[in-house]
Structures are given as C-alpha cells and as structure tokens.
Amino acid sequence: MGPHPAVAAIRLAVRRVLHDILTEHPPAPDTRRTPVSGAARPSAPEAERVPAPGTRRTTSPAQPPREQPPASSRLRPSREAPPAPLVLVACSGGADSMALASALAFEAPKLGIRAGGITVDHGLQSGSDLRADEVVLRLTELGLTPAESIAVTVGRDGGPEAAARDARYAALDAAAERHGATAILLGHTRDDQAETVLLGLARGSGIRSLSGMAAVSGADGRYRRPFLHLDRQTARKACMAQSLPVWDDPHNADPAYTRSRLRHEGLPALEKALGKGVVEALARTAQLSRDDADALDAWASQAEASVRDAAGLLECAKLYALPPAVRRRILRRAAIEAGAPAGSLFARHIEEVDRLITGWRGQGAISLPGKVVAQRQGGRLVIRQG
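Read on for an overview of the structure. (Residues numbered from 1 in each chain as written. Predicted model: local features only at pLDDT ≥ 70, side-chain atom pairs only at ≥ 80, totals over all residues. Heavy atoms only, no water.)

### Points about the overall build of the protein
Piece 1. Check the secondary structure of the protein and you find 13 helices and 12 strands.
Piece 2. For the protein, restricting intrachain contacts to residue pairs at least 6 apart in sequence, the fraction spanning at least 24 positions comes to 70%.
Piece 3. As displayed, the protein offers around 21400 Å² of accessible surface, 55% of which is attributable to carbon and sulfur atoms. (Helix = DSSP H or I, 4+ residues; strand = E, 2+ residues; numbered from the N terminus. Contact = heavy atoms within 4.5 Å. Areas by Shrake-Rupley, 256 points an atom, 1.4 Å probe, with all protein chains shown as cover.)

Take a look at the structure:
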C-alpha cells in the first residue's frame, strides 16, 4: 500500500524540483588523481624513514635511486566523489514547511543530494528562541543536516511584515553562502500565491505585482517553491498522515496583520460571493501575469540602450516614443539602480516620474523612496540620490 495521497503529492512536488536542481547544477567532475595501486611511489631517503612502533631506528648504506615510471602511468582518477549538492529547507515549524521538510528528507537521499534545514527566529514573540530550538530538533529527527536556528533583528522599514521578510531572506542567504547550499526550498502554497496576488491588486502595483511569487527566484535561482500548485490543506493532511507535530504561528491569525485579515476575512468573503475556485483562479492569474511581465521586461531590457545618450542619460523624446508599459519598466529600473528600494517603489511613484516625460509642464523634481530624486534637465531625465 502506497503513502497517503497528500504525502505522495508533496513528495512528487519536491522530487520534481530536486531533479530540476540536479539538471541545472550537475555535480562537478572529480579531477583529483591518486597513485595507481601497485605502482612505484617516491620514497624518503632510508635514513629519514620513521620506524614502525616497537622497532629500533637503523641506517644502511645509501642505495641508488630507482627509476620511476612516468607520472601518467602512476596516477589515476580518485575514487572519492566530490561532495553531493546541498539543498536546505526553510522551516518555521508550521504545516507547510514541516511537510516540505519531511518530503525533502525522504526524496533527497534517493537522488544523492544532501539535505539540511534552517529556521529563523525573528524574536517577535516571547519564547521564540525555545520554539526555534524545537524546530531544529524536529529537523534533526527527520535526518536533515545541517539543522540550525538563526536569530535575526527585525527592523521597521516597510512595515512589520516586510521588515520580517527582509530579515528572514537575509539570514537564509547568509546560511546558503556559509554552507555552500545549491538551493533553499520554501513552503509557499497556492493559497499563499492567491493572497499575494490580491495584495498586489490592492496596492495597484501593476502586472508584475499580480504575477505573485515565482517558482524559482533569487540569485542563481537559489529559492525554489515546490508547493505553488498545491493547496494549504494538502500540506496539513500530509503532516497528519505522518504524525508530524506542527506549530500554528499566532501571528497568522492576528488581525493586526494585513495578510492575516485577507486570509481569514477577505478570501472567505470572495468565495462566499463568487463561489469556490477563487484561489485556483488567482493562482492561474499569477502565472499568466508572470508570462506577460517577463516578456515586457525582456522588451524593456532591449530598448533601454536605445534611449540613452553617449553619457548614459535617458533621453525624454526617445522614452516618449516607447509603449507606456515598456517605458515605465525602464524608469523603474533606473530608480532602483539609483538607490530606491524595490519593495517601497510603487506604481504611483513611477507614474509621477512618467509625467516628467509625457506631461512636461516645467514641474520640479520628484522625490522617490530611498532619498532618490528624478528631474528633467535639458531634455534628459536624471534620476539620482538627492
């Protein structure tokens, strides 16, 4: 009898991602060479040899050196394989990430992959350090190594949720570098994707925001999200079927947080008004939006060089000739390169900069997040630190 359907579903999702990782990051061939068995090896002079324990050290007349065979005949590739790739799972102890950790622990050894786990202690609740230690114990019991807890300090930029997210990803990036990890798995589900799309829609941040979370993101594709096509209930059922203890973060039910209100009030209201299937439809919208956004981003990248002068400044007349969707992408990228935080740069900011090109009336500089200013000077758009 096979595993519970929910367990089978999460394992299959993880297995597919691990296969992708192996395809994209194949193990490096072992180029080290060791002496061939039975071949003559260079030896120290007789007088310099260390005697075996319990024997006396003696000397003998020097012997003429024996002719050694060529190096190519004395060496062969080492049988010792290079280290297997390491994949980490980011685990909070909740149902989604515990299900992910268990699937990684089951699938990774079969593919010759090392598997470890990281939990981040945000320090936002009393006893969070003890909770993190419990998660490390669970990861260790699953056979994941390394398994460690990382304490972070959460700032205030962008609000509590954004600040916690920034601190968490910084800690995970540092852990990946420290351990030499090829990838980090994240337990975001289809429900999380739907929430992300709705939050982007509410902010009016454009099609890129509507595209939600990518299945692969981060530097060199470091972050992988195997569960974006699975719902939250599947992960919880998988934990129940395997008797995995889970921790429900009280912040996830705290109405003080926007995502929590959306999860417990907003989405249920939409499903009540529109019927079942809202989550699936929003997740599908995310994928369609991502495809469109990727195509427009590629267009903007190709067009950017053509709208800069010899000094690298943006020419307003050439920007004006571009489609708005392409032009605004170039403006956003220029603002980020000047130092504007991407997470704080909203559509309204870019629209104000865009009016320096499409609605020029002699207006002054536009202030952007990160102390960046944009102004029009002599037919050029200058975006720099104020």
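### Some details on the sheet that holds strand β3 (residues 86–90)
Piece 1. Pairing is mixed in the open sheet, where 6 strands are placed in the order β5-β4-β3-β6-β8-β7. Two strands bound the open sheet, and with one partner strand each, they are β5 (147–151) and β7 (216–217).
Piece 2. Direction of pairing for β3 relative to strand β4 (residues 114–121): parallel, over a ladder of 5 bridges. Looking at the pairing, V89 lines up with G117 of β4.
Piece 3. Running at roughly 170 degrees to β4, helix α4 (residues 128–141) makes contact with β4 and β5 of the sheet. (Pairing = 2+ DSSP bridges. Axes fitted to C-alpha atoms, helices over the stretch in contact; angles between N-to-C directions.)

### Some words on the pattern of salt bridges
Piece 1. In the structure shown here, the tally under the stated rule is 26 salt bridges.
Piece 2. In this structure, R224 and E24 form a salt bridge, with 2.6 Å as the shortest nitrogen-oxygen distance. In this pair, R224 sits in strand β8 (residues 223–224) while E24 sits in helix α1 (residues 5–24), placing the two residues 200 residues apart along the sequence.
Piece 3. In this structure E24 comes out as partly exposed when scored by relative accessible area, which is 45%.
Piece 4. In this structure, R232 engages E195 in a salt bridge whose closest nitrogen and oxygen atoms are separated by 3.1 Å. Highlighted residues: R232 in helix α8 (residues 232–241) and E195 in helix α6 (residues 190–203), separated in sequence by 37 residues. (Salt bridge = Lys/Arg side-chain N within 4 Å of Asp/Glu carboxyl O. Buried < 20%, exposed > 50% of the residue type's maximum accessible area, 1.4 Å probe, protein only.)

### Concerning the packing of α6 against helix α10 (residues 278–304)
Piece 1. Running from amino to carboxyl end, α6 crosses α10 at an angle of 70 degrees, the nearest separation of the two axes being 8 Å. The orientation of α6 with respect to α10, classified from their angle, is roughly perpendicular. Seen along the crossing, α6 lies across α10 with a hand that is left-handed. Two secondary-structure elements touch here, α6 through R190, D191, Q193, A194, V197 and L198 and α10 through V279, E280, L282, A283 and A286.
Piece 2. In terms of residue class, the contact of α6 with α10 is made up of 7 nonpolar, 1 polar and 3 charged. (Parallel < 35°, antiparallel > 145°, perpendicular 65-115°, else oblique. Left-handed = near helix turned anticlockwise from the far one by under 90°. Nonpolar A, V, L, I, M, F, W, Y, C, P; charged D, E, K, R; others polar.)

### What about the sheet that holds strand β10 (residues 366–368)?
Piece 1. One open sheet holds the 4 strands; their spatial order is β9-β12-β11-β10, and the pairing between them is antiparallel. Only two strands of the sheet have a single neighbouring strand rather than two, namely β9 (314–315) and β10.
Piece 2. Two elements, strand β11 (residues 372–377) and strand β12 (residues 380–385), share 6 bridges in a ladder whose sense is antiparallel. Bridge pairing in β12 links V373 to R384.

### Observations regarding α10
Piece 1. Here α10 contains 27 residues, and its C-alpha end-to-end distance of 38 Å stays within 8% of the 39 Å for a straight helix at 1.5 Å per residue.
Piece 2. Within α10 the residues assigned to the buried category are V278, V279, L282, A283, A286, S289, R290, A293, A300, A303 and E304.
Piece 3. Tucked into the core, α10 has its buried residues touching α6, α7 (207–210), α9 (258–274) and α12 (324–337). (Expected span 1.5 Å × (residues − 1).)

### Remarks on the packing of aromatic side chains
What describes a pair of aromatic rings is the distance from one ring centre to the other and the angle between the planes of the rings.
Piece 1. By the definition in use, this model includes 1 aromatic pair.
Piece 2. Ring geometry for Y169 and Y223: centres 5.1 Å apart, planes at 85 degrees, overall edge-to-face. Of this pair, Y169 sits in helix α5 (residues 160–179) while Y223 is found in strand β8, placing the two residues 54 residues apart along the sequence.
Piece 3. Taking the relative accessible area as the measure of exposure, Y223 reaches 4% and is therefore buried. (Phe/Tyr/Trp six-rings, centres within 6.5 Å; stacked < 30°, edge-to-face > 60°.)

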